[in-house]
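Summary of structural features
Chain by chain, the residues run as shown.
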Protein chains: 2
Amino acid sequence: MNQIICTVDVALLTLAEDGLKVGLLRREREPFKSVAALPGGYIHQESDNDARDAARRVLMDKAGIDPPYLEQLATFSGPARDPRGWSVSIAYYALVPAQLLEQAGERGMTLASADHPPQLPFDHRAIVAAAVARLRSKSQYSSLPCHLAGETFTLPQLQKVYETLMNEPLNKVSFRRKMTEMDMLDPVEGRLESAGAHRPAQVYRLKAAFRDELQLLERGL
Amino acid sequence: MNQIICTVDVALLTLAEDGLKVGLLRREREPFKSVAALPGGYIHQESDNDARDAARRVLMDKAGIDPPYLEQLATFSGPARDPRGWSVSIAYYALVPAQLLEQAGERGMTLASADHPPQLPFDHRAIVAAAVARLRSKSQYSSLPCHLAGETFTLPQLQKVYETLMNEPLNKVSFRRKMTEMDMLDPVEGRLESAGAHRPAQVYRLKAAFRDELQLLERGL
DNA sequence: TGAATAGTGTCTGTAAGACAATATTCC
DNA sequence: GGAATATTGTCTTACAGACACTATTCA
């Protein structure tokens, strides 16, 4: 009997100077051997305790990345998305600060625009589009973007992250009021200077309670 | 080689007098034969064009229901959730007005509390919990609850639906302002009287554009 | 006419955005 | 001191909720 192919794929998202990026790797095997695609692979029944485990394993094995934020996105399925036959891909998306991706660059990972990705095999463009939509949607009313800002960051930096994701300028006073209200940041001793001759900004880090769990806002922004 | 089991399960949600309900069917086969569970079944590679098709087919075949709203919820997976072995269940949730479920009652469907479901096989309780959480979350800021109100409904009826889902009373004036702002309802000619001696309410129906697509609110409620 | 609920007008408090003043750093 | 950006204070505007009034039906 013809069996359904069960895989996981991960849209690894990060924020670069020129916008939101998705990480791609050249495929090591057929189909689409040596074509750039989302990191993905078969579920291993012996070693994976669930699909999330499989996604983590794939990221670690193929890119050397242990993502600080990983969430199930959606499952893509059908007879035509994979030339090998009827397939199911449980898709995840991960958020990684730009710094962390540098290591992965050495392992062959390249970054492509997440908003206008190049041609990709399978239905990976649909997966990327869904990941970007999910990220943008959740950015409206949650702490999700913090995971793109890195381990520590200043409020002006974090505001720029939100602004890039939401694609609109935010009111500085309102933004700070919201961040205070969310009560999810811890100030880090010492401060940080930016480009130079001006007042340095306070450095913050996400409170431990919000590393794995999102903080939601009642009214958005 | 041991193959992964690929199934779909559907949490069929409806609103009764005493709260949110989930539809259960007695299983026709092993495992858990004749135990009440969510409607579900194998993906059929020959006939299903994707997992959503499988979910529709399962609902139609086993309950005779063509749900007005059906959305992918999440995928549950692991070696232990199904005694047959490592399995993947692509879970969906469907919203059905109470009226529509009456037909299904004749086909053996029973309703259980969705908030406090009885013991269920597999990880069906987790699926129900996820479906309820998703519904409640989306009710805050979208037109989703309309699909529980039936084909046509009055604004007071719709407000009660929202109130039940959100588990809090809503301001009448604000609620109506929001509904007007969302601009998703068409008034139906004629009116409707409720329990009797008082002014009848205008009957509305969802505009066609919002039958399959949700309308989202900027600020919630 | 009275009871009951539908639908609307209006006031008030709260929260978001605009604007601007103050703070702190490097040169 | 001057430039530049961080941070905070305050005013204005928009919107959500409270309250109350009008509308419409049935008995």
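Small disclaimer: the values here were computed from a predicted structure and weren't measured.

Rules used throughout
- Numbering of residues begins from 1 in every chain and follows the order in which that chain's sequence is written.
- Chain letters start at A and ligand numbers start at 1, both assigned in the order the entries are written.
- In keeping with the predicted nature of the model, local features appear solely for residues at pLDDT of at least 70, side-chain atom pairs appear and are counted solely at 80 or more, and the whole-chain, interface and lining totals rest on all residues.
- Think of the side-chain values as coming from all heavy atoms in the structure, minus any hydrogens and water.
- Between any two strands, pairing holds if DSSP finds at least two bridges.
- Only DSSP runs of H or I reaching four residues or more are called helices, and only runs of E reaching two or more are called strands; each is numbered from the N terminus.
- In this analysis an axis means a line fitted to C-alpha atoms, helices contributing only their contacting stretch, and an angle means the value between N-to-C directions, from 0 to 180 degrees.
- Domain start and end points were adopted from an automatic or database domain assignment.
- The contact definition used throughout considers only heavy atoms, calling two residues in contact when any of these lie within 4.5 Å.
- Once two parts are put together, the accessible area they lose, assessed with a 1.4 Å probe and summed over both, is termed the buried area.
- Salt bridge, as used here: a side-chain nitrogen of Lys or Arg that lies within 4 Å of a carboxyl oxygen of Asp or Glu.
- Each residue is assigned to one of three classes by its accessible area relative to the maximum for its type, calculated with a 1.4 Å probe on protein chains only: buried under 20%, partly exposed between the two thresholds, exposed over 50%.
- One heavy atom within 4 Å of a molecule or strand is enough for the residue carrying it to be called near that molecule or strand.
- Here a polar contact means two N or O atoms within 3.5 Å. Within protein one must be a hydrogen donor candidate and the other an acceptor candidate, and residues neighboring in sequence count only if both atoms are side-chain atoms.
- Three classes are used, and their members are as follows: Ala, Val, Leu, Ile, Met, Phe, Trp, Tyr, Cys and Pro are nonpolar, Asp, Glu, Lys and Arg are charged, and the others, Gly among them, are polar.
- Any angle from 65 to 115 degrees is called roughly perpendicular, while one under 35 is roughly parallel, one over 145 is roughly antiparallel, and all others are oblique.
- In this scheme the crossing of two helices becomes right-handed for a clockwise turn of the near helix relative to the far one and left-handed for an anticlockwise turn of less than a right angle.
- Each copy is superposed on the other by least squares, with the fit set by C-alpha atoms of residues at a pLDDT of at least 70 in both.

A word on the sheet that holds strand S8 (residues 152-154) of chain B. Think of a sheet as strands paired side by side through backbone hydrogen bonds, with each pair either parallel or antiparallel. All names here are of chain B. One open sheet accounts for three strands, arranged S8-S10-S9; its pairing is antiparallel. Bordering the open sheet on either side are S8 and strand S9 (185-192), each of which pairs with just one other strand. Neighbour-to-neighbour, the strand axes of the sheet open up by a mean angle of 40 degrees, direction not taken into account.

Bringing the domain arrangement of chain A into the picture now. All names here are of chain A. Here chain A is described as being made up of domain 1 (5-138) and domain 2 (140-210). Facing 16 residues of domain 1, the contacting portion of domain 2 comprises ten residues. Roughly 1200 Å² of surface becomes buried between domain 1 and domain 2 when both sides are summed, with 66% attributable to carbon and sulfur atoms. Summed over the three residues of domain 1 that lose the most area to domain 2, namely Leu 15, Arg 136 and Lys 138, the buried surface amounts to 46% of that side.

Throughout the structure, instances matching the rule amount to 22 salt bridges over all chains. In this structure, Arg 57 of chain A and Asp 48 of chain A form a salt bridge, with 2.8 Å as the shortest nitrogen-oxygen distance. Residue Lys 21 of chain B pairs with Asp 18 of chain B through a salt bridge whose shortest N-O separation is 3.3 Å. Under the relative-accessibility criterion, Lys 21 of chain B is labelled buried at 12%. The exposure class of Asp 18 of chain B is exposed, given its relative accessible area of 59%. Within the structure, one salt-bridge network assembled from shared partners comprises Asp 9, Arg 81 and Asp 123 of chain A.

Time to look at the protein's contact with DNA strand D. Of all residues adjacent to DNA strand D, which total 22 residues, the nearest are Lys 172, Arg 176 and Gln 202 of chain A together with Arg 177 and Lys 178 of chain B. Those atoms of DNA strand D that come within 4 Å of the protein belong to sugar or phosphate at a rate of 59%. Here a base oxygen of DNA strand D and a side-chain polar atom of Lys 172 of chain A are 2.8 Å apart. Here Ser 174 of chain B contributes a side-chain N or O atom positioned 3.1 Å from a phosphate oxygen of DNA strand D. Among the elements that line the surface near DNA strand D, the one with the most residues is helix H5 (residues 172-182) of chain B, at four residues. Its residues placed into classes, the surface near DNA strand D shows nine nonpolar, six polar and seven charged.

Residue and element names in this part refer to chain A. At their nearest, the axes of helix H4 (residues 155-166) and helix H5 (residues 172-182) sit 11 Å apart, and the two run at 105 degrees to each other. Relative to H5, the element H4 is oriented roughly perpendicular. Within the contact between the two elements, H4 uses Leu 155, Pro 156, Leu 158, Gln 159 and Tyr 162 and H5 uses Lys 172, Phe 175, Arg 176 and Met 179. Residue composition of the contact of H4 with H5, grouped by class: six nonpolar, one polar and two charged.

This next bit is on the protein's contact with DNA strand C. Around DNA strand C, the surrounding shell holds 20 residues, and the nearest of these are Asn 171, Arg 177 and Lys 178 of chain A together with Arg 176 and Gln 202 of chain B. At 2.9 Å, a side-chain N or O of Ser 174 of chain A approaches a phosphate oxygen of DNA strand C. A distance of 2.6 Å separates a phosphate oxygen of DNA strand C from a polar atom in the backbone of Gln 202 of chain B. When contributions to the surface near DNA strand C are tallied by element, the ones reaching two or more residues are H5 of chain A together with H5 and strand S10 (201-206) of chain B. For the surface near DNA strand C, the leading source of residues is H5 of chain A, giving four residues. Residues that form the surface near DNA strand C fall into these classes: nine nonpolar, five polar and six charged.

Glancing now at the interface of chain A and chain B. Contacts between chain A and chain B engage 20 residues on the former and 20 residues on the latter. Across the interface of chain A and chain B, roughly 2000 Å² is buried in total on both sides, 53% from carbon and sulfur atoms. Area buried by chain A at its contact with chain B is led by Ile 4, Gln 45 and Trp 86 of chain A, which between them contribute 31% of it. Summed over the shared surface of chain A and chain B, the number is zero salt bridges. On the surface where chain A and chain B come into contact, there are six residue pairs in polar contact (both at pLDDT 80 or more). Here the side of chain A that touches chain B is composed, by residue class, of ten nonpolar, eight polar and two charged.

Once that is clear, we can look at the packing of helix H3 (residues 124-139) of chain A against H4 of chain A. All names here are of chain A. At a closest axis distance of 9 Å, the pairing of H3 and H4 adopts a crossing angle of 125 degrees. With respect to their mutual orientation, H3 and H4 come out oblique. For the pair H3 and H4, the crossing hand works out as left-handed. Every residue of H4 that contacts H3 at Leu 135, Arg 136 and Ser 139 is listed here: Tyr 162, Thr 164, Leu 165 and Met 166. Grouping the amino acids of the contact of H3 with H4 by side-chain chemistry returns four nonpolar, two polar and one charged.

Right, let's talk about the relation of the copies chain A and chain B for a bit. In the superposition of chain A on chain B (RMSD 0.0 Å, axial shift 0.0 Å), the rotation amounts to 180 degrees. A rotation of that kind, with that shift, is consistent with a two-fold axis. Closest to the rotation axis within chain A is the C-alpha of Arg 219 of chain A, separated from it by 2.8 Å. Of the interface residues in chain A, 100% have counterparts in chain B that sit at the interface too, so the contact is made through matching surfaces.

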